[in-house]
Structures are given as C-alpha cells and as structure tokens.
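Reading the structure
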Amino acid sequence: LVQGSLPFPLPRNMIIVRLEEQKILVWSPIAVDDEMLGKIKALGEVDVVVIPSAHHTMDTKVFKNRVAPEARVVCPASIRDALHEKLGTLVTGTIEEEVDKGTIKAALTAAGMPEGGELALVFDVGDGDACLVLCDLLFNIIDVSGMGAVGRFVGTHIFGSIGPLHVTKFGKRFFVKDKAALAEWLTTTVRTTLDGLGLNLAVITVAHGVP
C-alpha cells in the first residue's frame, strides 16, 4: 500500500499486488516521487493498472506514462464509455476481463448502490488468504494528525469521512440507495464468494484510510 494525498487533506491509497512472473498490478495509481518509483520498479514490471472508479483518474495518465507505458489499463465495464470520453484510448480493457484471465479472483458489484457505484475486488494473497479491495464504499481514516483543523472539521462534520471502518455521511446521502441490500451484500455475498473460492478474508483495503 502506498499512501498519497490530495489538495484537500484526505489520504488516498494506491494498492500494489504481486502477480506471477515478477509482474505487479497497481490499483488506483497515484503520482510518486523518484524514491517510491524505484521501490515500485523493484517489485516487478507493472502489468495491469486498475482505475477503480470514475472519481479516481487524477494521476492515471502521469503514472502510466512515467511508470508503466506498456501496462494494460482497465476499469469497471459499467464506466468504460464514460472514461473513454474523459481519458480517450488510455483504457484498454475491463476489470471483468482480468477476472476471466485469473489476474483478479473476483469482482463484486456492491448491492444497493447506483450502477458503477462500487466494484470490490478479491485477490489471492497466498496461504489460503484473500484481500478485499474496496474503493469509496468504506473509509477507515484513523490518523488525522496531518489534516489540520479545517480538514478535521470538514471530514468529521460535513463529509463524515473520519473514523473507523464505515460508510461516510456523504456516501449514505448521495450513493447508498438501499441500506438493507448493501448490508446483506457486505455480510453475506462477500463471504459466500470467498467460501466458493476457498479463501479466508485476511485484510480489507480501502481508497481512503488504513487497511
């Protein structure tokens, strides 16, 4: 996990997953300095770059051009047309196609949200364990020391983004359409999928906050 920042004091994460043959997958790329670039290249060749949502495209072009010019860039099928208008030919495939190839073990569309709202990914991290990668569905911002007084106030009282693993106030109001369906998806659908893959949930990562 590589943590970056935004002009508004909100932490954001880039997830790196080891693949076979000394290759790696990068989820939600962020611009990095030379030191971090060296660390990423030491892990292997970037084979796949994942854009998890239409709201996470800020550094995609910069990252691909600088770090992974030959990598496949994929996104949820539900937003591919929208991203084509935004990013042109940068996107070359879909997350669902990567699932078919076995790069990603599963891609689960969150229930109770609008189309394109959240596509959770499951990765096999070895020893029968799985990592569930979520985008903006849940936040887990614990350390607010670098956010400043204004950032803490906005995050707490306006967006509701600060605190242990939770759906934000903003998310509940504008994105969650059916709370019961979402709760059922989180508690049952995800577990059923992992059981079917023979994997145990070891870690949940999110776009904003700690695993």
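Computed from a predicted model, the values in this text were never measured in an experiment.

**Details of the overall build of the chain**
- A count of helices and strands for the chain gives 7 helices and 12 strands.
- Taking 17 Å as the expected radius of gyration for a compact globule of 211 residues, we find that the chain reaches 17 Å, a close match to that expectation.
- By principal-axis analysis of the C-alpha atoms, the chain measures approximately 45 × 40 × 35 Å.
- Across the 211 residues that make up the chain, the buried fraction comes to 46%.
- Counting only contacts in the chain whose residues sit at least 6 apart along the sequence, the fraction spanning at least 24 positions is 53%.
- By element, 53% of the accessible surface of the chain is carried by carbon and sulfur atoms, the whole surface being about 10700 Å².

**Points about the nonpolar core**
- Membership of the largest hydrophobic core comes to 23 residues, with the highest contact counts inside it found for Met14, Ile40 and Val46.
- At the level of elements, strand S2 (12-18), strand S3 (23-27), helix H1 (34-43), strand S4 (45-50), helix H2 (60-67), strand S5 (72-75) and helix H3 (80-87) are the ones that each hand at least two residues to this core.
- The next biggest cluster of nonpolar side chains, apart from the first, holds 19 residues, and it includes Met113, Leu134, Val167 and Val206.

**Some words on the sheet that holds S4**
- Judged by pairing direction, the sheet is mixed, and its 6 strands sit side by side in the order S1-S2-S3-S4-S5-S6 without closing on themselves. The sheet terminates laterally at strand S1 (2-4) and strand S6 (93-94), the two strands that pair on one side only.
- Sheet topology places S1 next to S2; 3 bridges connect them, and they run antiparallel. Looking at S2, one finds that Gly4 is bridged to Arg12.

**Description of the layout of surface pockets**
- Reported here for the largest pocket is a volume of approximately 820 Å³.
- In this structure, the largest pocket is lined by 36 residues; those nearest its centre are His55, His56, Asp136, Phe139 and His208.
- Of all the elements in the fold, those that place two or more residues in the lining of the largest pocket are S2 and helix H6 (169-174).
- Its residues assigned to classes, the lining of the largest pocket shows 19 nonpolar, 12 polar and 5 charged.
- The computed volume of the second largest pocket comes to approximately 300 Å³.
- Around the second largest pocket sit 14 residues that line it, and Arg18, Leu19, Glu20, Gly102 and Thr103 are the ones nearest its centre.
- Looking at the lining of the second largest pocket, the elements that each hand over two or more residues are S2 and strand S8 (119-126).
- Split into classes, the residues belonging to the lining of the second largest pocket amount to 3 nonpolar, 2 polar and 9 charged.

**Examining the packing of aromatic side chains**
- Applying the stated rule across the entire model yields 3 aromatic pairs.
- Ring plane angle 45 degrees and centroid distance 4.8 Å describe the contact between Phe170 and Phe174, whose orientation is recorded as tilted. Highlighted residues: Phe170 and Phe174, both in helix H6, separated by 4 residues, approximately one helical turn.
- Classification of Phe170 as partly exposed rests on a relative accessible area of 32%.

**Here we look at the pattern of salt bridges**
- By the definition in use, this model includes 8 salt bridges.
- Note that Arg72 is salt-bridged to Glu98, the shortest N-O span being 2.9 Å. In this pair, Arg72 is assigned in strand S5 and Glu98 in helix H4 (residues 95-101), connecting sequence segments 26 residues apart.
- Taking the relative accessible area as the measure of exposure, Arg72 reaches 25% and is therefore partly exposed.
- Residue Lys101 pairs with Glu98 through a salt bridge whose shortest N-O separation is 3.5 Å. One end of the pair is Lys101 and the other is Glu98, both in helix H4 and 3 residues apart, which spans about a single turn.
- Assessed through its relative accessible area of 54%, Lys101 is described here as exposed.

Parameters at a glance
Residues numbered from 1 in each chain as written. Predicted model: local features only at pLDDT ≥ 70, side-chain atom pairs only at ≥ 80, totals over all residues. Heavy atoms only, no water. Helix = DSSP H or I, 4+ residues; strand = E, 2+ residues; numbered from the N terminus. Rg over C-alpha atoms; globule rule 2.2 N^0.38 Å. Buried < 20%, exposed > 50% of the residue type's maximum accessible area, 1.4 Å probe, protein only. Contact = heavy atoms within 4.5 Å. Areas by Shrake-Rupley, 256 points an atom, 1.4 Å probe, with all protein chains shown as cover. Core = buried A, V, L, I, M, F, W, Y, C linked by side-chain atoms within 4.5 Å. Pairing = 2+ DSSP bridges. 1 Å grid on protein atoms, 1.4 Å probe; cavity = no way out; pocket = protein on both sides within 12 Å on 5 of 7 lines; lining within 4 Å. Points joined across faces, edges and corners; volume = space filled by probe spheres on them. Nonpolar A, V, L, I, M, F, W, Y, C, P; charged D, E, K, R; others polar. Phe/Tyr/Trp six-rings, centres within 6.5 Å; stacked < 30°, edge-to-face > 60°. Salt bridge = Lys/Arg side-chain N within 4 Å of Asp/Glu carboxyl O.

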